Amino acid sequence: MVSMSKIATGNGHGENSPYFDGWKAYETNPFHPIDRPDGVIQMGLAENQLCFEFIKKWLMEHPEASLCTAEGVNRFKETALFQDYHGMPEFRQAVAKFMGKVRGDRVKFDPDRIVMSGGATGAHEMVAFCLADPGEALLVPTPYYPGFDRDLRWRTGVELVPVICESSHNFQITRTAMEAAYEKAQEANLKVKGLLITNPSNPLGTTMDRETLKSIVKFINEKNIHLIGDEIYAATVFKDPEFVSISEVIQEVECNHDLIHIVYSLSKDMGFPGFRVGIVYSYNDAVVNCARKMSSYGLVSSQTQHLIATMLNDDDFLHNFIMESKEQLFKRHKYFTWSLSQVGIGSLKSNGGLFIWMDLRKLLKEKTFDAEMDLWRVIINEVKLNVSPGSSFHCHEPGWFRVCFANMEDNTMEVALSRIRSFILKNNESIIPRKLCRRSSLKLSLSRSLSRRMDDFMSPAGIMSPHSPLPQSPLVRART
Amino acid sequence: MGLLSRKATCNTHGQDSSYFLGWQEYEKNPYNEVNNPNGIIQMGLAENQLCLDLLEPWLMKNPDALGLKRDGISIFKELALFQDYNGFPAFKRALVDFMGEIRGNKVSFDPNHVVLTAGATSANETLMFCLADQGDAFLLPTPYYPGFDRDLRWRTGVEIVPIHCTSSNGFKVTLPAIEQAYRQAQKRKLRVKGVLITNPSNPLGTTMARDELDLLINFIEDKQIHLISDEIYSGTVFTSPSFVSVMEVLKDRDLDQTQVWERVHIVYSLSKDLGLPGFRVGAIYSNDPVVVSAATKMSSFGLVSSQTQYLLSAMLLDKKFTKEYMSENHKRLQKQQKDLVAGLEKAGIRCLDSNAGLFCWVDMRHLLKSNTFEAEMELWQKIVYHVKINISPGSSCHCIEPGWFRVCFANMSESTLKLAIQRLKSFVSSIGMKSQNHQELKSLRRKSRNNWVFRLSLQSFYDREQDATTKVSFSYRPHFMSLSNIAATLDAAA
C-alpha cells in the first residue's frame, strides 16, 4: 500500500514544538477585550501592529497604489499578466531603496540582486536549497527562531548545528562558540556550508556590534563557508546602538563576497506578513541566478508588488514611516520593560525587535527545562498569556521566555501587564525589590486589594501614562 | 566553485530547454504593432488575454475589492496581518464554488480540502514533496508541459517516466503505453508513486475521454498509487466534448469514500481560466486529510498574498459575473482557435482537433527535412529567427514524434494572429518553391536574408514515409545541437 513521502509523514514541519502549542492554546481561547476578557493574550506572535493608522492614512491618499483609480484599473491587465520571476523593476528598486534607507544610506543595494520569495519562510528554504545538499549543515547561533528548524531543514534535508551562546556573554556570538560548533559538526561528519545569523536577533531583540560582525565575517571567510544574514527586523531598531548590517561590514573587512547573502521581508518592519513579501539578496551571481529560478515557487503577487512599489517609492512616506515606527516601538518597549521591572521581572537589554527576552530564571523551581515547561504551562493556563519558552528557541539555559509586545492595542497590553503583576505578587513576594517599596512608599503585600491599587498606580488614568516620558527605573533588571 | 548545492549547479531547472530559449529570443525582439512590427510574435506563452477587458468594468463597479475595504471601511490591517496558511475562508469557499461551476456542478468541492499555493507551479512541487521521496517516480503522458521537468523534479529529486502517446490515436493514453512506462520505471529501479495527467491537456488542447479516465483509475487502483490531475485549463473548454473531471468519474463509479478516492488529487490555478498569472493563485485539492494537512504546512513556503485572496474572493463570489465571464471567455477562445486552425489550413498545415486550452497542437511533420528531432530543431530555429514567431517544439514537450509544435493563440489580438498566420503562410510557400541555385545555407546568426534552396515534397498527413521519399536538393550542413548546448550557442549569437 503506497504511502506518502517521508517528508510529509515525519515531524520536520516542527509543529509539535511548544512554540506552536502556545498558539494552539491561544486559538482555542483568544482574548478579546469585550467578548472574551478572560481569554489567552497572544504574546507569542512577533507582529508589528503599531503603525497601521499611519499606513492606512497614506493608502487613503494614494488610491493608485491599490490600482483603484481609473488609470489604475487600466493598469490592472498589465499587472494581472505580470509573472516574470525577475519581479517588477519598480518593486525591486523600491525595496532596494528601503533597505538602503534603513541602513542609514551607508550601503546601496542593487535592485538586480533582489530576488523574490514566499515571505522570509520561502527565502530561507530557497537559500538552503541553493547553498547546501541534503546531509550538509548550517551553523545557527542559539537561541534562534523555531521556524528555522522547518524552513532550513524540512524539505531540504539540511542539518542545523547550534552555536551555543550564553547569558554570561549576553548571548553574544563568540569566536570560541563558532569554532566549537564547527568542530562539533566535523566530528559528526557533517560538512558545514554556512553560518546563519539573525541580526537584529530573534528572540533576543539585540543588534550585533560591529566587532562581533567583523569577527563573524572573518570566521566564515577563513572557513570558506557562506554567511546568511537574516535582517528581517532591520527597521525595528528603536534605539542605540544603531543597526549595523553585514552589508556594511563587508565594505570594511576583506572577504569573498560570493559567500554573503541577506534574507529580508516586509513582514516585521512594515507589519505586512499577509502580503508574503520575502527577499533574497545575494552578492553571489550564481546564487542570484539560481534563486531567481527557484523563486517561481513563491513569487510575490504582482498586485502586491505594485502596492509596495508605489508605497516605498514615495520618499516622504519612507522617511516618515521609519521614524514613526521607531518611535512607537521605543515607547511600547520602554513602557513594557519598565512595568515589568516594577514587579522585579528583568529582561535582556534590547534595542530592536518586536519582543523582549524575559528572564524568569528566578521563578523556576529548579534549573531545568522541565521546570521551564512547568512554569510555561502555568503562564499559559493560569496567567493566560501565550509566551514562548526559551527551549523552543534551543536556548542553552532554562528560564528565558520571549514575550512579544508590538502586536496588541494599548489596553490589551495593560491587561497583560496586570495579569503578570497579579501572578508575581501572588506567587513570589521575594522577587519584589525592597528598594522599590520604600521609594514608592507603597507597602506591597500579597493581598489582592493592594495589587489592585498597584494597578491604579500603573494605569493610564493614574500617574503613569504609557505615552508620557517615563523615568528610566534604576531597578530595571537589565542584564549587562 | 563547489560551494553551492548540486541543485544550484545542475540543469534540472530546465531553463536550457528550447521552450524557454524561444522566450528569451522573444524578449530580445518582441513584436509590437506600432513600435516593432517586425519583431518576434510570441506564440509560445500560454496566457489568456482575451477577456481581461471584462474585468475592468467589474473592478470599477466594485472598488472595495481592490481598495481593501469591506462595506466602505478599510480592512487593510486585517489583511496585512492575515498569514494563516489555512487561507481566507471566504476565498476558499468562492474558489470551490467556481471549480464546481466549471464542472457543471456535477461534483462539489469541500473548502476544507483545499490548500492554497503560490501558483500551480508551487502546487505541483508541493504535491511531489508530499507524495514521493527522492528517487521515486511519477508517470506522465507525453507530450507534457515542459515546466513539469522543473516543478516536479528539481528540488524534490523525483523522477518522471514518460507514458508515450502518439498521433496514431490522437495522442490518447492507452493501457499498453501506461504499462510500458511502469515497466520502464521498474527497469530503472524507480518506485512509481503515481501518475500525473493534465486534463485538459497541455500541449494538446484536448480533454480526456471518460474511457481514458477509467483506464487511469483502474490502473492506479490496481497498483495502489496516486493520481494527480492538473486541471488548470478546466475553464478553457470552449466546445464539445464537455469537460469531465476525474472526480466526476470517481463519483459516477461510486468510488467516492473508497481508498482510491483518497489517492486522487487535483491541481488548479486561476492563471489560465481567469488570465491572472501575476497574482499567483494556485490550489491543491485532495480527498486525503493527511495530504491536505501536510500540504497546508508546506504552503508556508508559498502562500497567496492576502491582498489577492481578498480581491478574488469578492470577484468569485459574484456568481453572475463569473458566469458571464466564463461564457464570453469560451466564445472568444473558440473564435480565436477557429481563426488559427483555418488560417493554418490555408497554409497546408493541420492541427490536432482540440476543444480546450490556449493553444493548438500543430502538425508540421511534412515541413521537416527528415523525420528526426534534428530536423525539428532546424525548422524551429527558422520559425523563430526568420519567420519571427516563437512557438514551442514538440521535443521540448517530450513528444515522441518529431514535427509537432504547440502554438498559442489566446495571448494576442485578432490582428496579431492574422499577421502571424500570414507570416507562416509565406514561409510555407517559400519552402515549397523550386529554386535554380543551390546555395549553402548561411549560419542562422547572420542577419541577411537567406535563400532557402531546397524542395520538399509535401506528403499527406496520414501516410508518413521515411526520409527516402523526401527530395532534398540543396547542400546544407545541418548543425545538430543538443538541447543543452543551444543556450551556449544562442548566447554567443546574441
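Cut-offs applied
Residues numbered from 1 in each chain as written. Chains lettered and ligands numbered in written order. Predicted model: local features only at pLDDT ≥ 70, side-chain atom pairs only at ≥ 80, totals over all residues. Heavy atoms only, no water. Helix = DSSP H or I, 4+ residues; strand = E, 2+ residues; numbered from the N terminus. Buried < 20%, exposed > 50% of the residue type's maximum accessible area, 1.4 Å probe, protein only. Contact = heavy atoms within 4.5 Å. Areas by Shrake-Rupley, 256 points an atom, 1.4 Å probe, with all protein chains shown as cover. Domains from an automatic or database assignment. Buried area = accessible area lost by both parts, 1.4 Å probe. Salt bridge = Lys/Arg side-chain N within 4 Å of Asp/Glu carboxyl O. Polar contact = N/O pair within 3.5 Å; in protein donor to acceptor, adjacent residues only side chain to side chain. Phe/Tyr/Trp six-rings, centres within 6.5 Å; stacked < 30°, edge-to-face > 60°. Lys NZ or Arg CZ within 6 Å of the ring centre and 35° of its normal. Nonpolar A, V, L, I, M, F, W, Y, C, P; charged D, E, K, R; others polar. Lys, Arg positive; Asp, Glu negative; His and termini not counted. Pairing = 2+ DSSP bridges. Axes fitted to C-alpha atoms, helices over the stretch in contact; angles between N-to-C directions. 1 Å grid on protein atoms, 1.4 Å probe; cavity = no way out; pocket = protein on both sides within 12 Å on 5 of 7 lines; lining within 4 Å. Points joined across faces, edges and corners; volume = space filled by probe spheres on them.

Another aspect to go through is the overall build of chain B. Helix and strand counts for chain B come out as 17 helices and 15 strands. In chain B, which comprises 494 residues, the share counted as buried stands at 60%. In chain B, of all internal contacts separated by at least 6 residues, the share reaching a separation of at least 24 is 74%. Total accessible area computed for chain B in this model is approximately 19,200 Å², and 50% of it derives from carbon and sulfur atoms.

Looking now at the domain arrangement of chain B. Residues and elements named next belong to chain B. Per the domain assignment, the segments making up chain B are domain 1 (6-52 + 323-429) and domain 2 (69-318). Between the C-alpha centres of domain 1 and domain 2 there is a distance of 25 Å. Across the contact, 38 residues belong to domain 1 and 42 residues belong to domain 2. When domain 1 packs against domain 2, close to 3,400 Å² is buried across both sides, 62% of that on carbon and sulfur atoms. On the domain 1 side of the interface with domain 2, the three residues burying the most area are Lys 7, Asn 355 and His 398, jointly 19% of the side's total. The interface formed by domain 1 and domain 2 holds one salt bridge in total. With a closest N to O distance of 3.7 Å, Lys 323 and Glu 101 form a salt bridge. One can count 20 residue pairs in polar contact (both at pLDDT 80 or more) joining domain 1 with domain 2. Looking at the side of domain 1 that touches domain 2, the element that brings in the most residues is helix H14 (residues 319-346), giving eight residues.

Moving on, we get to the packing of aromatic side chains. Throughout the structure, instances matching the rule amount to 35 aromatic pairs over all chains. Taking the centre distance of 6.0 Å and the plane angle of 10° together, the rings of Trp 357 of chain A and Trp 400 of chain A count as stacked. Linking Trp 357 of chain A in strand S10 (residues 355-359) with Trp 400 of chain A in strand S13 (residues 400-404), this pair joins segments that are 43 residues apart in sequence. The ring centre of Tyr 182 of chain A lies 5.0 Å from the NZ or CZ of Lys 223 of chain A, which sits over that ring. The ring of Tyr 182 of chain B carries the charged tip of Lys 223 of chain B above its face, separated from the ring centre by 4.8 Å.

Attention now goes to the interface of chain B and chain A. Interfaces are often described in size by the accessible area the parts lose on coming together. Taken together, the contact pairs 74 residues of chain B with 77 residues of chain A. Between chain B and chain A, roughly 6,700 Å² of surface is buried when both sides are summed, and carbon and sulfur atoms account for 62% of that area. When the area that chain B buries against chain A is broken down by residue, the three leading residues are Phe 76, Arg 155 and Phe 301 of chain B, summing to 12%. Linking chain B with chain A are five salt bridges, by the criterion used here. The salt bridge involving Asp 133 of chain B is made with Lys 6 of chain A; its shortest N-O contact spans 3.5 Å. Residue contributions to the side of chain B that touches chain A peak at seven residues, all from helix H7 (residues 119-131) of chain B. Counted by class, the side of chain B that touches chain A contains 35 nonpolar, 23 polar and 16 charged residues.

All names here are of chain A. Domain parsing of chain A yields domain 1 (18-52 + 319-424) and domain 2 (67-315). If you average the C-alpha positions of domain 1 and of domain 2, the two centres end up 26 Å apart. On the side of domain 2, 38 residues touch domain 1, which itself brings 33 residues to the contact. Inspection of the region where domain 1 meets domain 2 yields zero salt bridges.

A few words now on the side chain of Lys 268 of chain A. All names here are of chain A. The topology assignment puts Lys 268 in the loop between strand S7 (260-265) and strand S8 (277-282). Here Lys 268 sits buried without a salt bridge, and the closest side chain of opposite charge, Glu 47, lies 7.1 Å off (N-O distance). Discounting chain neighbours no more than four positions away, the residues touching Lys 268 are Ala 46, Asn 48, Ile 232, Tyr 233, Thr 236 and Leu 354.

Let us look at the sheet that holds strand S11 (residues 350-351) of chain B. All names here are of chain B. The sheet built from four strands is open, its strands ordered S11-S12-S15-S14 with antiparallel pairing. Single-partner strands in this sheet number two, and they are S11 and strand S14 (392-393). Sheet strands in contact with H14 are S11, strand S12 (359-363) and strand S15 (404-408), and its direction is about 15° off that of S12.

The next thing to look at is empty space enclosed by the protein. If you walk through the whole model with that rule in mind, you get seven cavities of 30 Å³ or more. Of the voids in this model, the largest cavity is the one considered here, and its volume is about 110 Å³. Around the largest cavity, the lining is made up of 20 residues, and of these Glu 125, Tyr 297 and Gly 298 of chain A together with Arg 155 and Phe 301 of chain B lie nearest the centre. Elements that contribute at least two residues to the lining of the largest cavity include exactly strand S2 (114-118) and helix H6 (119-131) of chain A together with H7 of chain B. When residues of the lining of the largest cavity are assigned to their parent elements, the largest contribution, four residues, is made by H6 of chain A. Looking at side-chain class alone, the lining of the largest cavity contains seven nonpolar, nine polar and four charged residues. Here the second largest cavity defines a volume of roughly 90 Å³. Surrounding the second largest cavity, Ile 345, Met 358, Leu 360, Leu 363, Leu 375, Ile 379, Val 383, Leu 385, Val 387, Ile 420, Phe 423 and Ile 424 of chain A form its lining. Counting residues per element, the ones that place at least two in the lining of the second largest cavity are helix H14 (369-381) and helix H15 (410-427) of chain A. For the lining of the second largest cavity, the class distribution of residues is 12 nonpolar, no polar and no charged.

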